[in-house]
Amino acid sequence: MRSANPFGVCKSCGKQIMWIRTKAGKNMPVDPTMISYRRPEAGKKATERIVTYAGEVVVADRVNSSEAEGTGYISHFATCTKRRR
């Protein structure tokens, strides 16, 4: 059973991570820095996959907080410097 503490350390790179339970019920490691996002206009492609605190994965772009429609986190799978690709 997981503790109530959502923070941990990546076993590969040693950086701090935060765990979020996705809508699919899986635990996903994310970078603990919260970012602001906005989904792109119709016909445009987004640059990031962002995980909200509620566990929804959103395809969107990073924006300034004044332009944001929501906040979330970047998956640590995308940023880990020691993860094999």
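Residues numbered from 1 in each chain as written. Predicted model: local features only at pLDDT ≥ 70, side-chain atom pairs only at ≥ 80, totals over all residues. Heavy atoms only, no water.

## Structural notes on the pairing of strand 7 (residues 70-74)
Alright, step 1. Burial runs high along strand 7: 4 of the 5 residues are buried.
Alright, step 2. Pairing of strand 4 (residues 35-38) with strand 7, which is carried by 3 bridges, proceeds in the antiparallel orientation. Opposite Ile35, over in strand 7, you have Gly72 as the bridge partner.
Alright, step 3. As judged from the 2 bridges shared by strand 5 (residues 48-51) and strand 7, these two strands associate in the antiparallel manner. By the bridge assignment for strand 7, Val51 is matched with Tyr73. (Buried < 20%, exposed > 50% of the residue type's maximum accessible area, 1.4 Å probe, protein only. Helix = DSSP H or I, 4+ residues; strand = E, 2+ residues; numbered from the N terminus. Pairing = 2+ DSSP bridges.)

## A short note on the sheet that holds strand 6 (residues 57-62)
Alright, step 1. Read around the closed barrel, 4 strands run 4-6-5-7, paired in antiparallel fashion. Adjacent strand axes in the sheet meet at a mean angle of 70° when their direction is disregarded.
Alright, step 2. Pairing analysis gives 4 bridges linking strand 5 to strand 6, with the strands arranged antiparallel. Bridging across to strand 6, Val51 finds its partner in Val57. (Axes fitted to C-alpha atoms, helices over the stretch in contact; angles between N-to-C directions.)

## Things to note about the sheet that holds strand 1 (residues 7-9)
Strands in a sheet are paired, the pairing made by backbone hydrogen bonds, and the direction either parallel or antiparallel.
Alright, step 1. Across the sheet, which stays open at both edges, the 3 strands sit in the order 1-2-3 with antiparallel pairing between neighbours. Of all strands in the sheet, those bounded by a partner on one side alone are strand 1 and strand 3 (27-30). Strand after strand, the sheet turns through a mean of 40° between neighbouring axes, direction not considered.
Alright, step 2. As paired strands, strand 1 and strand 2 (residues 16-21) are joined by 3 bridges and run antiparallel to one another. Opposite Phe7, over in strand 2, you have Met18 as the bridge partner.

## Here we look at the environment of Asn5
Alright, step 1. Within the secondary structure, Asn5 sits in the segment before strand 1.
Alright, step 2. A relative accessible area of 40% means that Asn5 is categorised as partly exposed.
Alright, step 3. Put simply, Asn5 and Pro40 are 35 residues apart on the chain and 33 Å apart in space, counted from C-alpha to C-alpha.

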